[in-house]
Amino acid sequence: SCTDCHSIHQSKEAVHLLAGKSDQLCINCHKETQAAFNKPFRHRLQEGAIHCVDCHAPHGGLNPRQMKTAVGNEPACAKCHTDKRGPFAFEHAAMRLEGCLGCHEPHGSINPKMLVRNQQHLLCLECHSTAPGILGSQPPSFHDLRSARFQNCTTCHLKVHGSNVNKFLLR
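This write-up is about the structure you can find in this document. (Residues numbered from 1 in each chain as written. Predicted model: local features only at pLDDT ≥ 70, side-chain atom pairs only at ≥ 80, totals over all residues. Heavy atoms only, no water.)

When helices and strands are counted, the protein chain shows six helices and four strands. Put simply, the protein chain runs from its N terminus to its C terminus through helices and strands in the order α-α-β-α-α-β-α-β-α-β. The globule rule puts the C-alpha radius of gyration for 171 residues at 16 Å, and the 20 Å found for the protein chain is more than 25% above it. Structurally, the protein chain occupies a C-alpha span of about 70 × 30 × 25 Å along its principal axes. Counting the 171 residues in the protein chain, one finds 23% classified as buried. Residue pairs at least 24 apart in sequence account for 34% of intrachain contacts in the protein chain once pairs closer than 6 positions are excluded. By element, 59% of the accessible surface of the protein chain is carried by carbon and sulfur atoms, the whole surface being about 12200 Å². For the protein chain, the distance from the average site of its 19 positive side-chain charges to the average site of its 13 negative ones is 6 Å. (Helix = DSSP H or I, 4+ residues; strand = E, 2+ residues; numbered from the N terminus. Rg over C-alpha atoms; globule rule 2.2 N^0.38 Å. Buried < 20%, exposed > 50% of the residue type's maximum accessible area, 1.4 Å probe, protein only. Contact = heavy atoms within 4.5 Å. Areas by Shrake-Rupley, 256 points an atom, 1.4 Å probe, with all protein chains shown as cover. Lys, Arg positive; Asp, Glu negative; His and termini not counted. Charge placed at Lys NZ, Arg CZ, Asp CG, Glu CD.)

The subject of this paragraph is unusual backbone geometry. Here G86 and P87 are connected by a cis peptide whose omega angle stands at 5 degrees. For P87, the position within the fold is in the loop between α4 (77–80) and β2 (90–91). Positioned with a positive phi, Q66 is a non-glycine residue whose angle comes to about 55 degrees. Structurally, Q66 can be placed in the loop between α3 (52–55) and α4.

On to the side chain of S7, then. Structurally, S7 is set in the segment before α1 (22–29). Classification of S7 as buried rests on a relative accessible area of 17%. If near-sequence neighbours (up to four positions away) are discounted, S7 is found in contact with L17, L18 and A19.

As a further point, take the pattern of salt bridges. With the rule as written, the count across this model stands at four salt bridges. With its nearest N and O atoms 2.5 Å apart, the salt bridge here joins E91 to R96. Judged by relative accessible area, which is 43%, E91 ranks as partly exposed. (Salt bridge = Lys/Arg side-chain N within 4 Å of Asp/Glu carboxyl O.)

Within the sequence span of α1, burial applies to D23, L25 and I27. On its buried face, α1 sits against α2 (31–36) and α3.

In this section: the state of the cysteines. In total, this model carries zero disulfides according to the counting rule given. Of all cysteine sulfurs, the one in C77 lies closest to C55, which takes part in no disulfide; the gap is 6.4 Å. With no disulfide of its own, C153 lies 3.6 Å from the sulfur of C124, the closest cysteine sulfur. (Disulfide = S-S within 2.5 Å.)

By secondary structure assignment, the location of C127 is in the loop between α6 (120–125) and β4 (162–163). In the structure, C127 is positioned 100 residues away from I27 in sequence and 34 Å away in space, judged by C-alpha atoms.

Treat this as a map of the structure, not an account of what it does.
Rendered as structure tokens:
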């Protein structure tokens, strides 16, 4: 109810008659999210660099998980990560189909860059596999994935979010 977060007569915060700090009010109910913010690679909520309401609409919305949108109806991630937003001449299909959450944990992860997998090439191979008919098909034959040289896909495919220069998302 409204009084879970708001206090009309004994407000501790002058803004919006909140019953406490907004982030603390959120994590009082969302304990799993609080745990994610304690992982080694995370957004800096504890330091005050971001707030829950930067990405989420606390009073609801039409988007899943009450996500706010940025310019052009993009995910809220694009407000801060402007270098990752399009439109791009050469899109990475994963960005169009799954968005940021296809590869990244939104709050925190045990993996660098907040990735959902601990080995980057395994994340890439979820779509770029040898299975016929999968979008992006198979990696070229010179990609011997047993070699460490080819296990860091972003050594060459640097623009994984999209590129205006190269259709293979190369440097």
